[in-house]
Amino acid sequence: MKTRQLATIVSVWLLLSTIWAQTKAKPTPGQFLPVAVSSASADNLLHGGPAAWNQIAVKHVALNRTPPLYDTDEPATLDIPSVDVRIARTGGNLLVQLSWRDSTHDAITLAEVPNTPPETRFRKVPTEADDRFFDAAAVMFPTKAASGAIAPSLQMGDAEHPVEIYYWNATRGAMVMQAQGRGTTRRTDRNFLANSTYQTGQWSVIFELPDLPAGTTVAFAVWNGRQKDRDGRKYFSVWQVLE
Amino acid sequence: MSKHQYAMVMDLNKCLGCQTCTIACKKLWTDRDGTGYMYWNNVETRPGLGYPRQWDRIGGGWKDGALQPSPLPTMDDYGHAWEYNYEQRLYEGKKQPVMPSPEPKSGVNWDEDVGGMNEQENYFFYLPRICNHCTHPACLEACPRKAVYKRDEDGIVVIDQDRCQGYRYCIKACPYKKIYFNEVTGKSEKCIFCYPRLEKGEVNACAAQCPGRLRFVGLLDDPESPVHKLVLVHKIALPLFPEKGTQPNVFYVPPFNPPKRENYGKSIQEDPRVPLDYLIYLFGPDVKDVIERLEAELKKTQEGGHSEALQLLIGRDGDTRYRIRPQLVQIQL
């Protein structure tokens, strides 16, 4: 137990020092994300399949695994080491395609809930399972344009630097979240357009983001439902900068 | 620590296992989509599997100040909630009998009245369970979103449905497995101690409907309340699994003297029908002292004396069993 606690402390320290370095340092060229100006419509990029993205440069972004944060966490593997990012600016929006390998497809179609009060129906929609979690991905960026080289805390922003999180879940769809520090993430009532495909062990998810200006910092996260990823149990990138 | 603490005492000697409390709760709170398998109040036969099955052995709670690991119970542990084909039978004129679907294979109180054996004699009793609204809730500590909170005014533990993201750390952390995940809403739910009723001066639905009149409700810190008297003055009610470390605020008067063949007048300690070890397993070693106290009170009345504790336990009317103080626990703005 003591070894595990020590390992946790060391890994949290390493993580925090990485994040601290990322927060303070100016981005190295490796952290810049190319942004293509596309003549294709946002709709075509969202729904046009791989062909619409073929001409857009890909950036291979390394993912880190959060260390176990609770003693009661189940073990997690390091099976998703990176995510491929493509970004296109078109028609007042920024479209981001995230692709990553995940050998397990953790997504279901939830039963439709009738639009009538449950007490008027014989049948209620059942909870089919209580112990499944789904694949997911997210893009995080500062709510306000950052000044200078200071990026918000990678741990969901901080009090002075709130962040927006565009979160997509393979079962529950797309939702916009806000946070100002670890443990503060809340759903807003806003949604956004997203489209996803899963083929031959590969997820490809396209997010329609607002028209973020060049120089904006963005970070990515991926969850693997099979190993009960949710919350801070995830793969994450450090901050990247839009070109 | 909250300013006040609502608590409940259940006298297990009076429970008939009729499930009226279960149905009162279900009709009021969990008759919605995704809640079919949820029993914020359930009554299980002891000894037995419990609901979800083996909940008392799978983990959670505190040890040496640290949360303890636990798997999530599965739907097999709860038993898949079934529905009946009423539409076909009643509206569509089909002649098949009314049948449940999916085929029931397990469920709440599935092992009803099986119990255990002690020297060739069967024994069992019923254990009604709600959320314990603990003083030191493991579920609250486990939630990274701070969606679980303890109401400062009355100590009731609730889940903010706006904050909850359905991570289910709370279900793992709860050693009593009294939080349920609603897959339709994607959020977790639990007993709310009927706080909307208490705020209007009405007692909890499970208590109000109980034909055995075994539930006592009030503020633990109100010297006039029956729960204060039973737990702190007469000291005849104990929490379930105190060693789990959460300090429950639901207390039980243990089943102390069910009759056994040819042992009239003998105490549970001399000739137990319910083995004392099993009661110690459920309520901790203090159960021995509680049984001694209960038997002493019984002896007192059998000898023509008066027992305030037993009069309170008889609790014929609601004024005796409940002391709801909405004005006391109102938030002072």
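Our subject is the structure listed above.
My aim in this report is to walk through the structure given alongside it, one point at a time. Note that this is a predicted model, so its numbers are computed, not measured.

## Details of the overall build of chain A
When helices and strands are tallied, chain A shows two helices and 15 strands. Once local pairs closer than 6 in sequence are excluded, the contacts in chain A between residues at least 24 apart make up 64%.

## Digging into the pairing of strand 7 (residues 136-142) of chain A
All names here are of chain A. Summarising burial for strand 7: seven of the seven residues are buried, a large majority. Here strand 7 shows a buried face lined by Ala136, Ala138, Met140 and Pro142 and a second buried face lined by Ala137, Val139 and Phe141. As defined by bridge partners, strand 7 adjoins strand 8 (residues 163-169) across seven bridges and the pair is classed as antiparallel. Note that in strand 8 the partner of phenylalanine 141 across the bridge is glutamate 164. Both strand 7 and strand 13 (residues 217-223) contribute to a ladder of five bridges, which runs antiparallel. Counted as the bridge partner of alanine 138 is alanine 221 from strand 13.

## Re the environment of cysteine 194 of chain B
Residue and element names in this part refer to chain B. With respect to the helices and strands, cysteine 194 occurs in the loop between strand 13 (187-190) and helix 6 (195-198). A sequence separation of 38 residues divides cysteine 194 from isoleucine 156, and the C-alpha atoms of the two residues are 9.3 Å apart. In contact with cysteine 194, other than residues within four places in its own chain, are Asn204 and Ala205.

## A closer look at the interface of chain B and chain A
On the chain A side, the residues contacting the 28 residues of chain B number 22 residues. Listing elements by their share of the side of chain B that touches chain A, those giving two or more residues are strand 4 (66-67), helix 3 (86-91) and strand 12 (179-182) of chain B. Taken together, the residues of the side of chain B that touches chain A sort by class into twelve nonpolar, six polar and ten charged.

## Here we look at helix 9 (residues 276-283) of chain B
Residues and elements named next belong to chain B. All buried positions along helix 9 are accounted for by Leu279, Leu282 and Phe283. Along helix 9, the residues classed as buried sweep out an arc of 75° about the axis, all on the same side. For helix 9, the elements touching its buried residues are strand 15 (238-239), strand 16 (250-253) and helix 10 (287-302). Note on helix 9: the residue one or two positions beyond its end, glycine 284, has a positive phi of about 85°.

Cut-offs used in this document
Residues numbered from 1 in each chain as written. Chains lettered and ligands numbered in written order. Predicted model: local features only at pLDDT ≥ 70, side-chain atom pairs only at ≥ 80, totals over all residues. Helix = DSSP H or I, 4+ residues; strand = E, 2+ residues; numbered from the N terminus. Contact = placed C-beta atoms within 7 Å. Buried ≥ 20, exposed ≤ 12 C-beta atoms within 10 Å, placed from the backbone. Pairing = 2+ DSSP bridges. Nonpolar A, V, L, I, M, F, W, Y, C, P; charged D, E, K, R; others polar. Arc of directions from axis to C-beta.

Read these as layout, nothing more, since geometry by itself doesn't imply function.
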